[in-house]
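Take a look at the letters that make up each chain.
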Amino acid sequence: MSGSAACGAAVKADGYGLGARRIVERLAAEGARDFFVATWDEVAGLGPPPAGAALSVLHGVRHDDMAAAVASRARPVLNSAAQIIRWRGTGRPCDVMVDTGMNRLGVSVDEVADGLLDGLAIETLMSHLACADEDSAMNERQRASFASLRGRTSARRMSLANSAGVALGADYAFDLTRPGLALYGGSPRAGVAFAQVAWPEAQVIQRRRVAAGDSIGYGATFVATAPTEVAIVNLGYADGYRRALSSLGTAGGGRFALLGRVTMDLIALSVDAEPTLGEGDWIAIDYDLTELSAISGVSQYELLTGLGNRFER
Ligand SMILES: *Cc1c(COP(=O)(O)O)cnc(C)c1O
């Protein structure tokens with residue numbers, strides 16, 4: 001969908017919670033050459049990048065980052081005049097973020113036009129879309145504002161689109177795209193879906209029979225109306241399985257309903273449909289991001305990046 005633009009990959013937050021090291025390896029094998037993390041700690045956690053791969057650090061360089069940044073092959077994405085002054089003296093290559101309306105990070109289009117970036121060795125000039133997941137007039141305004149900078153800096157390439165931006169079409173792709181969510185099975189815009197990537201599994205610790213009239217768990221929010229076979233499973237909100245999924249989540253492809261609250265380390269599933277399921281058995285937890293987000297109100301991004309360290313990946 002990136003057309004003739006190179007397709008990079010956002011692998012910040014440990015590859016959206018899925019394990020950045022293996023994701024970088026895999027995507028590099030698929031031809032990706034441009035990877036984006038948020039912090040210099042994330043650079044260190046990745047280890048040496050695959051041959052030919054470039055790594056960019058979206059938060060740029062704070063004063064305290066300079067030693068790590070200068071010692072690294074990764075490039076900072078410079079976000080402010082202060083960061084530009086800090087980096088210029090190194091003579092090293094960098095990326096630059098231009099703010100075209102997000103009002104989060106970046107230097108202004110006017111500052112660029114006034115020569116703020118002169119003397120920098122810029123690999124990629126970037127901007128970021130605020131409303132790409134919606135049909136907003138802001139998308140075209142940001143695109144046009146960014147496009148006006150073509151040829152005005154030393155940048156070798158220009159990059160605007162995240163996942164939703166890629167889905168807006170070829171005009172938004174420029175030279176390099178920066179999808180994250182879409183690579184990990186998210187749906188960045190209504191009607192644009194990708195195959196599921198993350199398939200959480202958890203293990204049964206105990207099977208029990210709950211009598212009619214008995215409740216399960218904190219708050220006793222589930223009360224059995226008939227004798228019910230229940231599996232207690234080693235998954236909870238401390239693993240990123242959100243409490244908002246209480247009484248809503250399912251497992252086993254819809255066969256097992258979640259009964260009562262999601263607690264820190266445990267959930268209870270109705271397993272009448274599976275008489276032989278017992279201690280030690282693994283259960284596939286239903287984790288279609290679009291569907292889960294719709295029923296729980298938790299964003300697809302949070303559902304991924306929250307997946308905790310107790311999961312083996
Ligand atoms: C996180 C991020 C991306 C990727 O966004 P998705 O919506 O996950 O595709 C791209 N660019 C920047 C600057 C980001 O911070």
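Before going into details, it helps to say that this report is about the structure given with it. (Residues numbered from 1 in each chain as written. Predicted model: local features only at pLDDT ≥ 70, side-chain atom pairs only at ≥ 80, totals over all residues. Heavy atoms only, no water.)

Regarding the site of the ligand
- Near the ligand you find 13 residues, and of these K12, Y16, S163, L181 and Y301 are the closest.
- Here an oxygen atom of the ligand and a side-chain polar atom of Y16 are 2.5 Å apart.
- Measuring from an oxygen atom of the ligand, one finds a backbone N or O atom of G180 at 2.8 Å.
- Compared with its free state, where it exposes 390 Å², the ligand has 92% of that area covered by protein.
- Classifying every residue of the shell around the ligand gives seven nonpolar, four polar and two charged. (Near = heavy atom within 4 Å. Polar contact = N/O pair within 3.5 Å; in protein donor to acceptor, adjacent residues only side chain to side chain. Areas by Shrake-Rupley, 256 points an atom, 1.4 Å probe, with all protein chains shown as cover. Nonpolar A, V, L, I, M, F, W, Y, C, P; charged D, E, K, R; others polar.)

Let's talk about the environment of G106
- Position of G106 relative to the elements: it lies in the loop between β6 (94-99) and β7 (107-108).
- You can call G106 partly exposed: its relative accessible area is 24%.
- Between the C-alpha atoms of G106 and V77, which are 29 residues apart in sequence, the distance is 9.0 Å.
- Among all residues touching G106, those that are not within four sequence positions of it are N79, M97, V98 and D99. (Helix = DSSP H or I, 4+ residues; strand = E, 2+ residues; numbered from the N terminus. Buried < 20%, exposed > 50% of the residue type's maximum accessible area, 1.4 Å probe, protein only. Contact = heavy atoms within 4.5 Å.)

Considering the packing of aromatic side chains
- According to the stated counting rule, one finds three aromatic pairs in the structure shown.
- Taking the centre distance of 4.9 Å and the plane angle of 40 degrees together, the rings of Y16 and Y184 count as tilted. You can see Y16 sitting in helix α1 (residues 12-16) and its partner Y184 sitting in the loop between β10 (176-177) and β11 (201-210), a full 168 residues away along the chain. The pair Y16 / Y184 is uniform in exposure class, with both members buried.
- Relative to F174, the ring of F146 has its centre 5.0 Å away and its plane inclined at 65 degrees; by these criteria the two rings are edge-to-face. Taken together, the residues F146 in helix α7 (residues 137-147) and F174 in the loop between α8 (163-166) and β10 connect sequence positions 28 residues apart. (Phe/Tyr/Trp six-rings, centres within 6.5 Å; stacked < 30°, edge-to-face > 60°.)

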